[in-house]
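Commentary on secondary and tertiary structure
For reference, the chains in residue letters:
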Amino acid sequence: MTRTPAQGDGSSRLDASQLRALPTRVDRPDYDLASVRIGIVHLGAGAFHRAHQAPCIDRLLASEPDWAICAVSLRSTEVREALRPQDGLYTLALQTEPPQWRVIGAIREVLCAADEGAAVLARLAGPQVRIVTLTVTEKGYCLSGGELDLAHPDIQHDLAEAAQPRSVIGWLVAGLRLRRERGLGAYTVASCDNLANNGRLLEAACLRYAQELDPDLASWIKREASFPCSMVDSITPVTDAALRQRVDDVLGLHDAWPVQREPFTQWVIEDRFCQGRPNLAAAGVIYSDDIAGFDRAKLRLLNGAHSTLAYLGSLLELDSVADAMAHPPLAQFVDRLMRQDIQPSLRPPAGLDVGDYITAIQSRFRNPAIRHRLAQIAWDGTQKLPVRLLGTVADALTAGRPLQRLCLAVAGWMHFVRRQAQAGVALVDPMAAELKTLGQSCDGAPQTDVSRFLSLSGVYGALAGEPRFVSALQQAYGALGDGSGADVAPALLAEAEG
Ligand code: CS2
């Protein structure tokens, strides 16, 4: 796209003073930035929050000015460096054809907990803050086998230095502790991460940690705070150079960190807010008492299929989700996996037609306007596998349903890890060091390789001792041969047609 003089030369930075002069095709806040107040602290200021929850809140601020956001990165200073000079503003690109552009103003403050801990604590314990939301990914919860891992180095650190925590759990409880000391009410802690039962898991983790610090504090949190469960959905590829360039061209200004997402977005949440909430429904949020029904369907179908495409697609040397969906054996395999293996394990909420839901997910995966890299989805397999695939495996075992397609997906991850480790490619995973050693020690023999992986007890749990699972996994691992495209494609075809 070429720049026109009317759009400026892209050398000035997006900030509040530029809002009025933005090109008309760029949507912008319909409220005065200076007159809204911070009522939400968000932990984990990554692209997903900025593409999903923040735009929702942005829609509400004109009528409910008390709910602007303070976005906190726990470790990295990058988001702060990008957004603070821009008065918290950034561009959201909705990837339709043509894209829709929107400057979001809901984030009125950006902090980094690593070097602005006092400011973060002051916000958390400020009387006007009533909700803390979080997107810190599965690993941010410091869980092992679904419970708080007290041996986790960050939790160990926080238990010793509770006023200067590092972990999400440590920050949430430090804020609550100070509020209690100040005679303020607790806040609602709303997890927006891809974990089944996310609110309950988080509540249990916070209570466990607080119990170690001070049992009275734990009782107070249990009584006063609330931890609604939620299901969040919107495909949000990482920001790439093409997006940055396009945004600068459209704005005629430089935006240091725009974000993008597909047009579809969903946020379903339990209506359990201990200190009130904005009218989220006015921004399209659904309140439901049956989050489990929604999140199981989403995590197992969408995320389970995503991870399957990521590992098997990477072995086939494909690059994006749309490329993987254009690969007939892989697309057919995933369709069967979703309809025949995952669908029977769901308890869909009233009104959800699972067949239509699957069709809609596959068409979102095919969206040609979005380039969602398989490498991004492949991150953090040790955290994602249990939530996305292994629960379905466990249910299939109990119900006596076939396991071979599900095991092919799980074995795809094993081959992926083995090949990356042996090629010297770094894995992005909290267990990367362990996976590297494990992958390097594999020799391609199904029995021994599979038993090496099954020793990752935090990943497989009790499944590692299930003979039917172990033998189906060995078979699937063997069927994928050496994990090269030449071996993977026929294995998929056999399962897609068999
Ligand atoms: C993806 C998710 O990166 C991943 O692992 O599966 O981020 C997915 O795009 C979102 O959950 C969609 O809501």
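Small disclaimer: the values here were computed from a predicted structure and weren't measured.

Calculation notes
- Residue numbering note: each chain is counted from 1, following its sequence as written.
- Per-residue local features are limited, in this predicted model, to residues with pLDDT of at least 70; the limit for side-chain atom pairs, both in listing and counting, is 80 or more; totals at the level of whole chains, interfaces and linings are taken over all residues.
- Here the side-chain values reflect all heavy atoms present in the structure, with hydrogen atoms and water set aside.
- Elements are defined by DSSP. Helices are runs of H or I of four residues or more, strands are runs of E of two residues or more, and each kind is numbered from the N terminus.
- Accessibility here uses a 1.4 Å probe with only protein chains present; expressed as a share of the type maximum, an area under 20% marks a residue as buried, one over 50% as exposed, and anything in between as partly exposed.
- Residues count as neighbours in contact if any of their non-hydrogen atoms are within 4.5 Å of one another.
- Only the protein chains shown count as cover for residues, with accessible areas throughout obtained via the Shrake-Rupley method and a probe of 1.4 Å.
- For the purpose of charge, His is not counted, nor are the chain termini; Lys and Arg are scored as positive and Asp and Glu as negative.
- Charged groups are reduced to one reference atom each: NZ for lysine, CZ for arginine, CG for aspartic acid, CD for glutamic acid.
- Take the residue count of a helix, subtract one, and multiply by 1.5 Å to get its expected span.
- We call a residue near a molecule or strand whenever a single non-hydrogen atom of that residue lies within 4 Å of it.
- Under the rule applied, a polar contact is a pair of N or O atoms within 3.5 Å (in protein, one hydrogen donor and one hydrogen acceptor; residues adjacent in sequence only if both atoms are side-chain atoms).
- Axis definition: a line fitted to C-alpha atoms, limited for helices to the stretch in contact. Angles are taken between N-to-C directions and run from 0 to 180 degrees.
- In these notes the angle categories are as follows: under 35 degrees is roughly parallel, over 145 is roughly antiparallel, 65 to 115 is roughly perpendicular, and the rest is oblique.
- A crossing counts as left-handed when the near helix is turned anticlockwise from the far one by less than a right angle, and as right-handed when that turn is clockwise.
- Confidence per residue, as judged by the predictor, is encoded in pLDDT with a range of 0 to 100.
- Take a side-chain nitrogen of Lys or Arg and a carboxyl oxygen of Asp or Glu: if they are within 4 Å of each other, that pair is a salt bridge.
- The term nonpolar core refers to a set of buried residues drawn from Ala, Val, Leu, Ile, Met, Phe, Trp, Tyr and Cys, joined through side-chain atoms within 4.5 Å.

This paragraph deals with the overall build of the protein. Within the protein one finds 21 helices and 14 strands. Its C-alpha atoms give the protein principal-axis dimensions of about 65 × 65 × 45 Å. Here the protein holds 498 residues, and 57% of them are scored as buried. Nonlocal contacts in the protein, meaning residues at least 24 apart in sequence, comprise 76% of its contacts between residues at least 6 apart. Carbon together with sulfur atoms contributes 50% to the accessible area of the protein, which is approximately 19200 Å² in total. Here the protein holds 49 positive side-chain charges and 57 negative ones, and the gap between their average locations is 2 Å.

Below, the discussion takes up helix α6 (residues 168–181). Given a rise of 1.5 Å per residue, 14 residues ought to cover 20 Å, and the 20 Å separating the end C-alpha atoms of α6 matches this to within 8%. Most of α6 sits inside the fold, with 11 of its 14 residues counted as buried. Residues of α6 that are buried: V168, I169, G170, W171, L172, V173, A174, G175, L176, L178 and R179. Following α6 by one or two positions, G183 has its phi on the positive side, about 75°.

Before going further, it helps to spend a moment on the site of the ligand. By nearness alone, every residue bordering the ligand is listed as N194, D233, S234, I235, K298, L302, N303, H306, H372, I377, K384 and R388. With respect to the ligand, the side chain of K384 contributes an N or O atom lying 2.7 Å from an oxygen atom. About the coverage of the ligand: the protein hides 89% of its 340 Å² of free accessible area. Looking at the shell around the ligand, the elements that each hand over two or more residues are α10 (291–315) and α15 (381–399). Broken down by element, the shell around the ligand gets its largest block of residues, four residues, from α10.

Put simply, α10 and helix α16 (residues 404–423) touch, their axes get as near as 8 Å, and they point 50° apart. The orientation of α10 with respect to α16, classified from their angle, is oblique. In this structure, the crossing between α10 and α16 has a hand that is left-handed. Residues T308, Y311, L312, S314 and L315 of α10 form the contact with α16, whose own contacting residues are L408, A409, G412, W413, H415, F416 and R419.

When the pLDDT values of the protein are averaged, the result is 96; 98% of them are 70 or greater. Between residues 1–8, whose pLDDT stays under 50, and residues either more than four places distant or in other chains, the model counts 16 contacts.

Moving on: the side chain of D429. With respect to the element layout, D429 can be found in the loop between α16 and α17 (432–441). Summary of buried charges: D429 has no salt-bridge partner, and the nearest side chain of opposite charge, K139, is 7.8 Å away. A distance of 2.9 Å separates the side chain of D429 from the backbone nitrogen of G381, its partner in a polar contact. Within polar-contact distance, the side chain of D429 engages the backbone nitrogen of M431 at 2.8 Å. If near-sequence neighbours (up to four positions away) are discounted, D429 is found in contact with D380, G381, T382 and L435.

This part is about the environment of L316. When you line up the elements, L316 lands in the loop between α10 and α11 (321–325). Residue classification places L316 among the buried residues on the basis of a relative accessible area of 12%. Considered as a pair, L316 and G44 are 272 residues apart in the sequence and their alpha carbons are 33 Å apart. If near-sequence neighbours (up to four positions away) are discounted, L316 is found in contact with H327, L330, G485, V488, A489 and L492.

The omega angle of the peptide bond from E97 to P98 is -5°, so this bond is cis rather than trans. Note on placement: P98 falls in the loop between β4 (90–94) and β5 (100–104). Even without glycine at this site, T137 takes up a positive phi of about 60°. By the secondary structure assignment, T137 is in the loop between β7 (131–134) and β8 (143–144). The exposure class assigned to T137 is partly exposed, which follows from its relative accessible area of 34%. Positive phi outside glycine occurs at N197, with the angle close to 65°. The exposure class of N197 is partly exposed, given its relative accessible area of 40%.

With that settled, consider the nonpolar core. In this structure, L43, L134, L172, L202 and I221 are the most contacted members of the largest nonpolar core, which totals 96 residues. It is α6 that provides the largest number of residues to this core, a total of eight residues. Counting 74 residues, the second-largest nonpolar core is a separate cluster that includes M338, F365, L480 and A491.

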